[in-house]
Amino acid sequence: LKARRNLWPSFAWCSDQCSPTRSFLSLCRPRQTFLVNTLLFNCISASMALMQAASLFASAVGEAASLVWMELAMFGLAAICYVFLIGVPGLRPTKPNAKIGKGATASKGNSSGECNAIPLEPRQSDASGDRPAVLDDWERAKASSEVAELNLASVVDAMRKLGKSPSDIADELRSAINKNPALLSNVSSLPAALLRDDSVEMLDVMLSLLEELGHVADVSVYAGLMAAQLRRRNYKGVAATGARMASDALTPRMRSILASAAAQRGCFDEALVHLQHMPEPAEGTKSPLTHTVTAQVLALAAREKRVLAAVEAMQRLGANLEQKQFEDLLMAEGRKSSPEVCEDLINSGVALGLSSEVGRAALAKAQAGKSAPNSGGCSSGELQRYASMIKAHAKERDLKSAAAVFERLCTGGTPLTPLIYNCFLDACVQCGDFERAKAHFETMKGLGVVDTVGYNTLLKAYLSRGQAEEARALVEEMTARGLLANKVTYNELLHAKVMSKDRRGMWGLIEQMQAAGVNPNSVTCSIVLKSLTDYTQPEDLRRVISLIENIEESIDEVLFSSVIEACIRIKQMDLLSDLMKRYRQKGGFVNLSAPTYGSMIKAYGQ
């Protein structure tokens, strides 16, 4: 406004050739130029400020990237590998009705309609243990009409972890095969995997399912199942498995297992039949009967007073017996006051190439025991016989008969030894009457006949029932009574730690065991070997090997078989080779049997 007031008089003096507007603009041009220049300067200043801020931001980003460039490079490389191996997520066909693994090549080239093996799409969830994803693959395989290559052992393991019983899993597989018969080829390969995982109960159910479907598994699978059942002392299960096979299909090893199970059940005739059906070994070959089976059958024959019949069958098979086992058997028969049986055993020992000097001493003890009963009216040999009767009834799960024998001894006025009380306590535990076992144990404490054996028996019962606190209190009570824990005590506690996957507790218990002056034995090492998995730390593996090498007794075949199974399970064949080299230098491979060598060959073949 001020500019207008100053410029207004100039319009009157303006030339006639110039319009008032042009004269006004000519007078206002300096002011307009100043305003434009100011505006341009402000714009340029703002632009420079933005450029400076962008430069500072880029510099900060560059410095940050210089600090994490290695991580970014690894992330980019991982992304490239993922895209190369798996593909870009979201680009796979997701049609609900599409068949499993069916691609363009398969649809063009397979015009004959034959069912080819179509691999399932690999999924990372299988490796990471994502059980629902594994079961999704299983559902896809059931819905398909083609053969799907999938890890059925992982599917079964997922079902078991979801709480399904073996019978429920068998029903699931049966239903799937009815919908898609092509899955039978996958199911038929499942028993071998279950045998490697030592899933005995599941393996038994799967073999029954395959038999129902008309598909018989390999004989080696049945032999492995019978051996596993024998290790678990499931003697009736061994006999049931053998009965499912034809008589001519039973191998000498299977006959030996069946004979051992029959001897443990007290069925001498059954054991003798298996021995008689075993073929004679070729000249220069080893006998199919192991030392343990020979001792078991011979002990049963002594109880049945049929030693000569058993020895005749053993001689035909070239069986042999260790001197220590023969001595123990003769001494036991000597305490039972059975001179006739001792005489038969002495003659059978001579036939098997064993010394008879200890047998003569046992025979003299038997005759002395028979003529000198104790003051209670029952000889020590008779007490031993009653203890054997209680043990036999316990193996048959006949607690009523075992209780009848124990009560007859109690009412007969004979002073009972801790052996008799411990036998009846063990019978209560084996037959599942835990309340009666606890009541009997309290009676033993009241009579002052409780010992370490009794505490170990009740400790095993507590641990099998998952009552860890009660087991710990029982061990403390045993220590307070002045009874020291022995190897059996620590092994029972150690087995519970391994089953609960308490790695720290396991090693802590081993350290406590060694601090107490109780050295680990082969049973301890076998229990610790069960804790080894694919995720075992190298330090734990070294400690296990050191534990095995430092045991006092020599490494027997049972322990070495456990070592082989552990190496197969953790896929450490180099470790097995190293151990074999060490034991060979010590002469530890002299007495290995053919099944052990077979396990080693199988391990390296895998």
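As the structure is a computational prediction, the values presented were derived from the model and not from experiment.

Visitor: Can you lay out the overall build of the protein chain for me, pointing to particular residues and giving the numbers?
Guide: Scanning the protein chain from terminus to terminus reveals 33 helices and two strands. The burial tally for the protein chain puts 37% of its 606 residues in the buried class. Of the roughly 35100 Å² of accessible surface on the protein chain, 56% is carried by carbon and sulfur atoms.

Visitor: I'd like to hear about a nonpolar patch on the surface, residue by residue, with values.
Guide: A contiguous nonpolar surface patch, about 550 Å² in accessible area, is contributed by Y82, V83, F84, L85 and I86. On the secondary structure map, F84 appears in helix α3 (residues 69-85).

Visitor: Tell me about the packing of aromatic side chains, and name the residues and values.
Guide: Scanning the entire structure with this criterion turns up four aromatic pairs. With a centroid separation of 4.6 Å and 5 degrees between ring planes, the pair formed by F406 and F424 is classed as stacked. Here F424 lies in helix α23 (residues 418-430) and F406 lies in helix α22 (residues 399-411), a separation of 18 residues in the sequence. Relative accessible area serves as the criterion here: at 8%, F406 is assigned to the buried category.

Visitor: Which residues make up helix α12 (residues 219-231), and what values go with them?
Guide: Owing to its 3.6 residues per turn, the α-helix aligns residues three or four sequence positions apart on the same side. With 13 residues, α12 should cover 18 Å at 1.5 Å per step; its first-to-last C-alpha distance of 19 Å lies within 8% of that length. Of all the positions in α12, only V221, Y222, A223, G224, L225, M226, A227, A228 and Q229 are classed as buried. Contacts from the buried residues of α12 go to α10 (190-196), α11 (200-212), α13 (235-243) and α14 (252-264). Phi turns positive, to about 60 degrees, at R233, one or two residues after α12.

Visitor: Describe the environment of G482, naming the residues involved and giving the relevant values.
Guide: Along the polypeptide, G482 turns up in the loop between α26 (468-480) and α27 (487-499). By relative accessible area, G482 is classed as exposed at 56%. With 31 residues separating them along the chain, G482 and D451 place their C-alpha atoms 9.9 Å apart.

Visitor: Any chance you could break down the nonpolar core for me, citing the residues and the numbers?
Guide: Counting residues in hydrophobic clusters, the biggest one holds 69 residues, and the most contacted among them are I390, I420, V528 and L529. Apart from residues lying up to four places away in sequence, I420 is in contact with L383, A387, I390, F406 and L409.

Visitor: So what about the packing of α27 against helix α28 (residues 503-515)? Which residues, and what values?
Guide: Between α27 and α28, the least distance of the axes is 9 Å, while the angle of their chain directions is 170 degrees. Put simply, α27 runs roughly antiparallel to α28. By crossing handedness, the relation of α27 to α28 is classed as left-handed. Contacts between α27 and α28 pair K487, Y490, N491, L493, L494, K497 and V498 from the former with G505, M506, L509, I510, Q512 and M513 from the latter. Residue classes in the contact of α27 with α28 are distributed as eight nonpolar, three polar and two charged.

Visitor: Hey, could you go over the environment of I545 for me, with residue numbers and the actual values?
Guide: Tracing the backbone shows I545 in helix α30 (residues 538-549). A relative accessible area of 11% places I545 in the buried class. Put simply, I545 and L575 are 30 residues apart on the chain and 9.4 Å apart in space, counted from C-alpha to C-alpha.

Visitor: Talk me through the side chain of R255; I want residue IDs and the actual numbers.
Guide: Within the secondary structure, R255 sits in helix α14. D248 provides the closest opposite charge to the buried, unpaired R255, separated from it by 7.6 Å. At a separation of 2.9 Å, a polar atom in the side chain of R255 contacts the side chain of S247. Setting aside residues no more than four positions away along its own chain, R255 makes contact with S247, L250, H274, H277 and M278.

Visitor: Which residues make up the pattern of salt bridges, and what values go with them?
Guide: Per the stated rule, a full pass over the model turns up 15 salt bridges. D269 is the salt-bridge partner of R306, the closest N and O atoms lying 2.5 Å from each other. Of this pair, R306 sits in the loop between α16 (291-304) and α17 (307-316) while D269 sits in helix α15 (residues 268-277), placing them 37 residues apart in sequence. Take R306: its relative accessible area is 31%, and that puts it in the partly exposed class. A cluster of three or more residues bridged by salt bridges with shared partners is formed by D171, R174 and E212.

Visitor: Now, about unusual backbone geometry: what can you tell me, with residues and values included?
Guide: A positive phi angle, near 60 degrees, is found at R397, a position not held by glycine. Mapping R397 onto the fold places it in the loop between α21 (380-395) and α22.

Visitor: Would you mind going over the side chain of N456 in detail, with residue names and values included?
Guide: Looking at where N456 falls in the secondary structure, it is placed in helix α25 (residues 452-464). Among the polar contacts made by the side chain of N456, one reaches the side chain of T489 at a distance of 2.4 Å. Not counting residues up to four positions away in its chain, the partners in contact with N456 are N486, V488 and T489.

Visitor: Go over the confidence of the model for the protein chain with me, naming the residues and quoting the values.
Guide: The predicted coordinates of low-pLDDT regions are not to be read in fine detail. Considering every residue of the protein chain, the mean pLDDT works out to 74; 75% of them sit at 70 or more. Within the model, the stretch residues 1-25 combines pLDDT values under 50 with ten contacts to residues more than four positions away or in other chains. Overall, residues 369-377 carries pLDDT values under 50, and its contacts beyond four positions in sequence, including any with other chains, amount to ten contacts.

Visitor: Before we move on, could you go through the environment of R385 and cite the residues and values that matter?
Guide: Along the chain, R385 turns up in helix α21. Spatially, the C-alpha atoms of R385 and E333 are 9.7 Å apart, while their sequence positions differ by 52 residues.

Visitor: Tell me about α27, and please be specific about residues and values.
Guide: Between the first and last C-alpha of α27 there are 18 Å, a value that for 13 residues agrees with the 18 Å anticipated at 1.5 Å per step. Among the residues of α27, T489, Y490, N491, E492, L493, L494 and V498 are the ones counted as buried. For α27, the elements touching its buried residues are α25, α26, α28 and α29 (522-529). The residue sitting at the N-terminus of α27 and contributing the capping side-chain oxygen is N486; that oxygen lies 3.2 Å from the backbone nitrogen of V488. Two residues or fewer past α27, K501 is found with a positive phi of approximately 60 degrees.

The rules behind these values
Residues numbered from 1 in each chain as written. Predicted model: local features only at pLDDT ≥ 70, side-chain atom pairs only at ≥ 80, totals over all residues. Heavy atoms only, no water. Helix = DSSP H or I, 4+ residues; strand = E, 2+ residues; numbered from the N terminus. Buried < 20%, exposed > 50% of the residue type's maximum accessible area, 1.4 Å probe, protein only. Areas by Shrake-Rupley, 256 points an atom, 1.4 Å probe, with all protein chains shown as cover. Patch = residues over 30% accessible without salt bridge, like charges linked within 9 Å, V, L, I, M, F, W, Y side chains within 5 Å. Salt bridge = Lys/Arg side-chain N within 4 Å of Asp/Glu carboxyl O. Phe/Tyr/Trp six-rings, centres within 6.5 Å; stacked < 30°, edge-to-face > 60°. Expected span 1.5 Å × (residues − 1). Contact = heavy atoms within 4.5 Å. Core = buried A, V, L, I, M, F, W, Y, C linked by side-chain atoms within 4.5 Å. Axes fitted to C-alpha atoms, helices over the stretch in contact; angles between N-to-C directions. Parallel < 35°, antiparallel > 145°, perpendicular 65-115°, else oblique. Left-handed = near helix turned anticlockwise from the far one by under 90°. Nonpolar A, V, L, I, M, F, W, Y, C, P; charged D, E, K, R; others polar. Lys, Arg positive; Asp, Glu negative; His and termini not counted. Polar contact = N/O pair within 3.5 Å; in protein donor to acceptor, adjacent residues only side chain to side chain. pLDDT = per-residue confidence, 0-100.

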